[in-house]
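Residues per chain are reported as follows:
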Amino acid sequence: RINRAKAMMQKNAALLGRVEQRFGVPKELVVAIWTMETDNGADMGKLPVVRTLATLAHDCRRTDLFQKELLAALKIVQRGDLPFKELVGAYAGEIGQTQFLPSSYIKYGVDFDGNGHVDLRHSVPDVIASTANLLKTNGWRAGAPFGEGTANFEVMREWNRAVIYRKALVLFAE
């Protein structure tokens, strides 16, 4: 994974530089997220998102959460970001190369390739920029450290609440 991440950093150096400049999130961390989540898009999941979310919305433990996610998934199709047949993802309805829940896709998605749509499955510029945008929007401090105990480490909680996962991202980025 580290070798793949290094290769992705070289291949996408200009893009990563533009994203880091605009959003203030270190390219190493963005690539760590991208690699940890789906091996840089190699494994985004194969489950139909609408069916998955409809099933989870019926489960009484988190009905409200998944009903909202189901509506957000349908909005992604309605906006024209992804066709229905490409609304495929992971076990809890996550979509794309960095596994956004549909509501996060809507809220943080960035059309960084300029084609008029946010495509977190196929467009690496959209994936990289949207990932950085989620962190920036939630309070990322450009140029500040992001290891455990820092404000940026807490911002990373919006990516994943698990402390061990965030520690792994920091180590990967380093």
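Just so it is clear, the structure is predicted and the values come from calculations on it, not from any experiment.

Caption draft 1: Structural view of the overall build of the protein chain. Helices and strands together make up the secondary structure of the protein chain, namely nine helices and two strands. Of the regular secondary structure in the protein chain, the N- to C-terminal order runs α-α-α-β-α-α-β-α-α-α-α. Expected size for 174 residues packed as a compact globule is a radius of gyration near 16 Å; at 16 Å, the protein chain falls within 12% of this value. Reported as C-alpha extents along the three principal axes, the dimensions of the protein chain are approximately 40 × 35 × 25 Å. Of the contacts made within the protein chain by residues no fewer than 6 positions apart, 60% connect residues no fewer than 24 positions apart. Element-wise, carbon and sulfur atoms account for 53% of the exposed surface of the protein chain, whose accessible area totals about 9,000 Å². Of the side chains in the protein chain, 23 bear a positive and 19 a negative charge, and the two mean positions are spaced by 1 Å.

Caption draft 2: Fine view of the packing of aromatic side chains. Applying the stated criterion to the full structure yields three aromatic pairs. Their ring planes at 50° and their centres at 6.3 Å tell us that Phe 23 and Phe 112 sit as a pair that is tilted. On the criterion of sequence distance, the pair formed by Phe 23 in helix H2 (residues 13–23) and Phe 112 in the loop between helix H6 (102–108) and helix H7 (124–137) is long-range, its members being 89 residues apart. Both residues of the pair, Phe 23 and Phe 112, belong to the buried class. Between Phe 100 and Trp 159 the ring centres are 5.5 Å apart and the planes differ by 75°, which places this aromatic pair in the edge-to-face class. Remark: Trp 159 occurs in the loop between helix H8 (151–155) and helix H9 (163–173) and Phe 100 occurs in the loop between strand E2 (88–89) and H6; sequence separation between them is 59 residues. Here the two residues Phe 100 and Trp 159 agree in accessibility, since each one is buried.

Caption draft 3: Summary view of H9. If you check which residues of H9 are buried, you get Tyr 165, Arg 166, Leu 169, Val 170, Phe 172 and Ala 173. One side of H9 holds all its buried residues, which, seen down the axis, span an arc of 165°. The outward face of H9, more than 90 degrees from its buried face, is lined by the exposed residues Ile 164 and Leu 171. Taken together, the buried residues of H9 touch helix H1 (2–11), helix H3 (27–38) and H8.

Caption draft 4: Local environment of unusual backbone geometry. Here Asn 40, not a glycine, exhibits a phi torsion of approximately 60°, which is positive. Checked against the element boundaries, Asn 40 lands in the loop between H3 and strand E1 (47–48). Judged by its relative accessible area of 9%, Asn 40 is buried. In this structure, Gln 99 is a non-glycine residue whose phi angle is positive, near 60°.

Calculation rules
Residues numbered from 1 in each chain as written. Predicted model: local features only at pLDDT ≥ 70, side-chain atom pairs only at ≥ 80, totals over all residues. Heavy atoms only, no water. Helix = DSSP H or I, 4+ residues; strand = E, 2+ residues; numbered from the N terminus. Rg over C-alpha atoms; globule rule 2.2 N^0.38 Å. Contact = heavy atoms within 4.5 Å. Areas by Shrake-Rupley, 256 points an atom, 1.4 Å probe, with all protein chains shown as cover. Lys, Arg positive; Asp, Glu negative; His and termini not counted. Charge placed at Lys NZ, Arg CZ, Asp CG, Glu CD. Phe/Tyr/Trp six-rings, centres within 6.5 Å; stacked < 30°, edge-to-face > 60°. Buried < 20%, exposed > 50% of the residue type's maximum accessible area, 1.4 Å probe, protein only. Arc of directions from axis to C-beta.

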